[in-house]
Amino acid sequence: MEKVHKDTLIGVIDAGTRTVKFCVFRPGHTKEIAEHTVDIVTHTPQEGWSEQDPKEILSAVRKCIENVVQQLGLEAINIITLGITNQRETTILWDKTTGEPLYNAIVWNDIRTDSTVDIILAKVPDNNTNYFKNICGLPISPYFSAFKIKWLMHFAPQVKKAIKAETCLFGTVDTWILWNLTGGAKGGKHYTDVTNASRTFLMNIELLTWDPLLLHTFKIPANILPEIKSSSEIYGRVARGFPLENVRISSILGNQQASLVGQRCLKEGQAKNTYRSGCFLLYNTGISKVQSTHGLVTTVAYKFGSKPAVYALEGSVAVAGAAMKWLRDNMGFMGDIQKETESLAQEVFNTGDVYFVPAFKGLYAPYWRKDARGIICGLTAFSTKQHIIRAALEAVCFQTRDILEAMNKDCGIPLTKLHVDGKMTVNSLLMQLQADISGMPVVRAQSQDITALGTAMAAGAAEGIKAWEIYSEERELVPSDTFLPTSTESGKLFIF
Ligand SMILES: Nc1ncnc2c1ncn2[C@@H]1O[C@H](COP(=O)(O)OP(=O)(O)O)[C@@H](O)[C@H]1O
Ligand SMILES: O=P(O)(O)OC[C@H](O)CO
C-alpha cells in the first residue's frame, strides 16, 4: 500500500553538463508538471580544458527550485521528496570548514590529465590500459575522476594545503549539491551513490567500496571521499536557507543510469542510448558484472536501497551533439541547431562520401585513444556544408554502431531494438540514419525528460511510492515512436 497522499509530488534536480534543471512529477506519470532550466557556463582556459564554477551550479539549482515553487504556488507544499541526477565524473574539491571550492569543477570531458594518465600507465605492466579493469570496471583514461583529483593534488597548491590540513572534501556534482543542500559546513551530508562512485576509478565494482589499492596507486587520502550509498534511500533533508526546506532527498543517480531507469530498461538484456552533448549506451546485465573484452566499461546501473546492485555495460561517446555545436560555433554552418540541423542535412540525399570523425578530445569506447583527434575526409569540389552536417549526424550513428557491435560480442545475445532518448533525438533524420546504420529498430521515447523521470522513480521508491512499479521486471510502456531500418539510397544497411 502506498503510504502517501494522492497529491504527492516529487522534485528532481538534473545537473547536466550544459544546463541545470529542476522539474516536478506526479507519481505514476511520465510527463513533468513544471520545470525550469538555467544554462551553465563552461570555461576553456586552455585547449582541451573544460571547467565550471561549482557555485554557479549551486545558484542555478536554487534559481530553478525557486522558479518552479513559484510556478506551482500552493501546490509546492506537496513536494515531499527530491532526487538528484547529474553529469558524472566531473570533479569538485572544496574546503569543509568554509564550504568554498578549492578549484573550478573539472568537467568529465576535460583532457588536461593526459600526463597524469601517462604517470599511472608507467606504473603498470606493459602500459596496459585495462590493468585495473577487474577492480573498477574502467580503462585508464582522463575521463574518470581519480585522474582529475590527482592532477588537482599536484598542480593546485590550495588543494595540497587543504589535504594536509584534512579540510579537503571531494565530490562529483551529486555530492556537491547534496552536501550544500543538507547544511554545507554546518553538517552537510557527504555522500554519493554507487552509480556515481563507479565512475571515479576508485570504487571496487564488486564490493561497492573505495578500493585501497586504487587509493594507494593515486595517493588519494580516503578522508576526502564521500560515503557510498545506494541510489534510492533517504540521505537527509534540505537545510534552512534553501527553498523546499526540510524536504527529504531520496535518490541519486548518474544521469546516464537515470535514463536507463526512466526508460524502464530494468531487465537484463535491455539497453538504451541517450543522445546529448555526448552519447551513452547502457546495456543492463542484471546482478552479474560482464567484464568487457571489447572496449566497453562495466558500471553500476542502479542499486535500490538494500536490494542487490544491478550492473550495466556502457559504451561512452565523448562527442555527439557537441559536434553540431562545433559546426554552429566554429564553422558558422547554422544559426540554430534545433531548427536547422535536420533540414540542412535533408537538403542532400547522402554525405557524398564525406566522413566526419569528431574525436575532438580523443575517442572513448570502444577505442579509448586519448591521442585521437578529429578528421573530416572525402571532401570534393562538390562537398557543401549540408554534406558535412549530414556526415556529423552519421558519425553519431557510426559511433553507436561500433558500441553495439562490441556489446554483441561481449554479451553474445544481440540486441533486437534500441531504446533512445535525449535532446538530439528530436532529429528524426538522425533516428532514421541510426536505424539504417545499426540495422535495428530505434524506439524513441516521447518524453523529453527520461533522465529526470528515472530519478523521480528512484526517489519515489525510497518513499514507498509504488506508482511506477520500479521493482517490476516488466517494461511498462514509455510513450514512444519507432524507426525501422530501411535500405537507404547510399546502400548503408548493416546487419549484425
Ligand atoms: N535537432 C537537433 N539535431 C541535432 N543535434 C541537436 C538537435 N538539438 C540539439 N542537438 C544537440 O544535442 C545536444 C543537447 O544537449 P543537452 O540535452 O542540452 O545536454 P548536455 O547537458 O549533454 O549538453 C547539444 O549538443 C546540441 O548540439
Ligand atoms: O550532462 P550530459 O548529458 O553531458 O552527461 C554527461 C555524462 O554523464 C558524462 O559521463
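Residues numbered from 1 in each chain as written. Chains lettered and ligands numbered in written order. Predicted model: local features only at pLDDT ≥ 70, side-chain atom pairs only at ≥ 80, totals over all residues. Heavy atoms only, no water.

Caption draft 1: Inspection of the overall build of the protein chain at higher detail. Scanning the protein chain from N- to C-terminus turns up 14 helices and 23 strands. Projected onto the principal axes, the alpha-carbon positions of the protein chain cover approximately 65 × 55 × 45 Å. Looking at the protein chain residue by residue over its 496 residues, the buried ones come to 60%. Taking the average location of the 51 positive side-chain charges in the protein chain and that of its 50 negative ones, the two points are 4 Å from each other. (Helix = DSSP H or I, 4+ residues; strand = E, 2+ residues; numbered from the N terminus. Buried < 20%, exposed > 50% of the residue type's maximum accessible area, 1.4 Å probe, protein only. Lys, Arg positive; Asp, Glu negative; His and termini not counted. Charge placed at Lys NZ, Arg CZ, Asp CG, Glu CD.)

Caption draft 2: Local environment of the pairing of strand E8 (residues 168-171). Neither face of E8 is left uncovered, since the one carrying Cys 168 and Phe 170 and the one carrying Leu 169 and Gly 171 both have all their residues buried. Pairing analysis gives four bridges linking strand E6 (residues 92-95) to E8, with the strands arranged antiparallel. Across the sheet, Asp 95 pairs through a bridge with Cys 168, a residue of E8. (Pairing = 2+ DSSP bridges.)

Caption draft 3: Broad picture of helix H14 (residues 450-462). In this model, H14 (13 residues) spans 19 Å end to end at C-alpha, consistent with the 18 Å of a helix rising 1.5 Å per residue. Taken as a whole, H14 has its buried residues at Ile 450, Thr 451, Ala 452, Leu 453, Gly 454, Thr 455, Ala 456, Met 457, Ala 458, Ala 459, Gly 460 and Ala 461. Directly after H14, the chain includes Gly 464, whose backbone phi takes a positive value near 80°. (Expected span 1.5 Å × (residues − 1).)

Caption draft 4: The arrangement of the packing of aromatic side chains in detail. Within the structure shown, the criterion is met by 24 aromatic pairs. Look at Tyr 143 and Trp 368: their rings are 6.3 Å apart centre to centre, the planes differ by 25°, and that puts the pair in the stacked class. Within this pair, whereas Tyr 143 is found in the loop between helix H3 (133-136) and helix H4 (145-155), its partner Trp 368 is found in the loop between strand E19 (355-357) and strand E20 (375-377), the two being separated by 225 residues in sequence. One exposure class covers both Tyr 143 and Trp 368, and it is buried. Measuring from centroid to centroid gives 6.3 Å for Phe 144 and Phe 201, while their planes differ by 35°, and the two rings are tilted. Remark: Phe 201 occurs in the loop between helix H7 (194-197) and strand E10 (203-204) and Phe 144 occurs in the loop between H3 and H4; sequence separation between them is 57 residues. Counting every residue linked through ring pairs, the aromatic cluster contains Trp 108, Tyr 131, Phe 132, Tyr 143, Phe 144, Phe 147, Phe 201, Phe 218, Phe 280, Tyr 364 and Trp 368. (Phe/Tyr/Trp six-rings, centres within 6.5 Å; stacked < 30°, edge-to-face > 60°.)

Caption draft 5: Layout of helix H13 (residues 428-438). With nine of its eleven residues buried, H13 lies for the most part within the structure. Residues of H13 that are buried: Leu 429, Leu 430, Met 431, Leu 433, Gln 434, Ala 435, Asp 436, Ile 437 and Ser 438. On its buried side, H13 packs onto strand E15 (271-275), helix H11 (337-346), helix H12 (385-411), strand E21 (418-421), strand E22 (442-445) and strand E23 (480-483). For H13, the N-terminal cap is Asn 427; the gap from its side-chain oxygen to the backbone nitrogen of Leu 429 is 3.1 Å. (Contact = heavy atoms within 4.5 Å. Polar contact = N/O pair within 3.5 Å; in protein donor to acceptor, adjacent residues only side chain to side chain.)

Caption draft 6: The arrangement of the site of ligand 1 in detail. Around ligand 1, the structure places 15 residues, and the nearest of them are Arg 18, Arg 276, Ser 277, Gly 321 and Asn 427. Measuring from an oxygen atom of ligand 1, one finds a backbone N or O atom of Thr 17 at 3.4 Å. One nitrogen or oxygen atom from the side chain of Asn 427 is found 3.0 Å from a nitrogen atom belonging to ligand 1. In isolation ligand 1 offers 570 Å² of accessible surface; the protein chains occlude 95% of this area. Counting only elements with at least two residues in the shell around ligand 1, the list comes to helix H10 (321-329) and H11. If you tally residues by element for the shell around ligand 1, the top one is H10, at four residues. Within the shell around ligand 1, the residues separate by chemical class into five nonpolar, six polar and four charged. (Near = heavy atom within 4 Å. Areas by Shrake-Rupley, 256 points an atom, 1.4 Å probe, with all protein chains shown as cover. Nonpolar A, V, L, I, M, F, W, Y, C, P; charged D, E, K, R; others polar.)

Caption draft 7: Representation of the UniProt feature "domain: Carbohydrate kinase FGGY N-terminal" (unreviewed entry) in the protein chain within the structure. Here the UniProt feature "domain: Carbohydrate kinase FGGY N-terminal" (unreviewed entry) sits at residues 10-262. For residues 10-262, the helix share is 32%, the strand share is 25%, and the end-to-end C-alpha distance is 14 Å. (UniProt positions renumbered as here; feature names shortened; annotations may be inferred.)

Caption draft 8: Main features of the sheet that holds E15. Strand order in this open sheet of seven strands is E17-E18-E16-E15-E21-E22-E23, and the pairing throughout is mixed. A single partner strand is all that each edge strand has here, and the edge strands are strand E17 (297-302) and E23. Strand after strand, the sheet turns through a mean of 30° between neighbouring axes, direction not considered. Note: E15 against E21, three bridges, orientation parallel. Paired with Asn 273 across the two strands is Val 420, which belongs to E21. Against the sheet, helix H9 (residues 255-262) contacts E15, strand E16 (279-286), E17 and E21, and its axis sits at roughly 55° relative to E17. (Axes fitted to C-alpha atoms, helices over the stretch in contact; angles between N-to-C directions.)

Caption draft 9: Summary view of the site of ligand 2. Every residue lining ligand 2 is accounted for by Gly 16, Thr 17, Gln 87, Arg 88, Glu 89, Trp 108, Tyr 143, Asn 255, Gln 256, Arg 276 and Phe 280. With respect to ligand 2, the side chain of Thr 17 contributes an N or O atom lying 2.5 Å from an oxygen atom. A distance of 2.7 Å separates an oxygen atom of ligand 2 from a polar side-chain atom of Tyr 143. Calculation on ligand 2 without its partners gives an accessible area of 310 Å², and the protein chains cover 99% of this total. Counted by class, the shell around ligand 2 contains three nonpolar, five polar and three charged residues.

Caption draft 10: Structural detail: the side chain of Asn 427. With respect to the helices and strands, Asn 427 occurs in the loop between E21 and H13. At 3.1 Å, the side chain of Asn 427 and the backbone nitrogen of Leu 429 are in polar contact.

Caption draft 11: Inspection of the sheet that holds strand E14 (residues 248-254) at higher detail. Read across the sheet, six strands follow the order E3-E2-E1-E5-E14-E13 without closing on themselves; strand pairing throughout is mixed. Of all the strands in the sheet, the pair left with one neighbour each is strand E3 (34-39) and strand E13 (232-237). Taken over all neighbouring pairs, the strand axes of this sheet differ in orientation by 25° on average, direction set aside. One ladder, built from six bridges, connects strand E1 (residues 9-15) with strand E2 (residues 19-25); its direction is antiparallel. Looking at the pairing, Ile 10 lines up with Phe 25 of E2. Those strands touched by H14 are E1, E2, strand E5 (79-86), E13 and E14, and its axis lies near 135° from that of E14.

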